[in-house]
Amino acid sequence: AEAHVAGLDQTGLSQKGGPVTSDVRISAQPIDGAGRTSAAGADLYLAFDVLGASAPKNLAVCDPERTVAVVSTHRTPTGKMVVDPDARFPELTAQLEAIDARTRRDVNVHLDAQALAERLFGDHMPSNLLALGAAWQRGALPLSLEAIEQAIRLNGAAVEQNLAAFH
């Protein structure tokens, strides 16, 4: 089956230590309009940063009846936390509760992808592929295994490690 894809990366803030958000729309039909996900329009909320994921403006794309959340729970400090010893990471339970309240709590996946990647591969780099693999295994990513494996191979970066992390 043919798939149509539209994407929107909002990466400008990453250069200043801020969050990065990306919207990816995958559809069997041609995609009209902006690449941005509409309010309550996400089927999958794939979060590599729990702090950014629990932000109300990001959660606006979620719907408790529709959206499956796959969230890496690793505590990644913000730029402010790095330079200000008094800045503390918010309570993880409260962050996950905020996400679960706006998504399908019963099928969500919470995992510390960075800790798992470091334990399994001795490297934090494949952590995003671990989370992506969890989303695919949960059935929340509408792509075939062959298509994902081909994309990893075409990317050409740490192919075997990334394939293993995805699996």
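Each remark here, short or long, concerns the structure printed above.
An account of the accompanying structure is given in this report. (Residues numbered from 1 in each chain as written. Predicted model: local features only at pLDDT ≥ 70, side-chain atom pairs only at ≥ 80, totals over all residues. Heavy atoms only, no water.)

All right, on to the packing of helix H7 (residues 145-155) against helix H8 (residues 159-166) then. Where H7 contacts H8, the axes come no closer than 9 Å and their chain directions differ by 150°. With respect to their mutual orientation, H7 and H8 come out roughly antiparallel. In the crossing of H7 with H8, the sense of the turn from one axis to the other is right-handed. Residues Leu-145, Ile-148, Glu-149, Ile-152 and Arg-153 of H7 form the contact with H8, whose participating residues are Val-159, Asn-162, Leu-163 and Phe-166. Taken together, the residues of the contact of H7 with H8 break down into six nonpolar, one polar and two charged. (Axes fitted to C-alpha atoms, helices over the stretch in contact; angles between N-to-C directions. Helix = DSSP H or I, 4+ residues; strand = E, 2+ residues; numbered from the N terminus. Parallel < 35°, antiparallel > 145°, perpendicular 65-115°, else oblique. Left-handed = near helix turned anticlockwise from the far one by under 90°. Contact = heavy atoms within 4.5 Å. Nonpolar A, V, L, I, M, F, W, Y, C, P; charged D, E, K, R; others polar.)

On to the nonpolar core, then. For soluble globular proteins, nonpolar side chains are generally found buried alongside one another. Val-70, Leu-111 and Ile-152 are the most contacted members of the largest nonpolar core, which has 17 residues in total. Of all the secondary-structure elements, those providing two or more residues to this core are strand S5 (109-111), helix H5 (113-121), helix H6 (127-137), H7 and H8. Ignoring any residue separated from it by four or fewer positions in sequence, one finds Val-70 in contact with Leu-44, Tyr-45, Leu-46, Ala-47, Val-109, Leu-111, Ala-131, Ala-134 and Ala-135. Ala-53, Leu-59, Val-61 and Ala-69 belong to the second-largest nonpolar core, a separate cluster that totals 14 residues. (Core = buried A, V, L, I, M, F, W, Y, C linked by side-chain atoms within 4.5 Å. Buried < 20%, exposed > 50% of the residue type's maximum accessible area, 1.4 Å probe, protein only.)

All we've got here are geometric facts, nothing functional implied.
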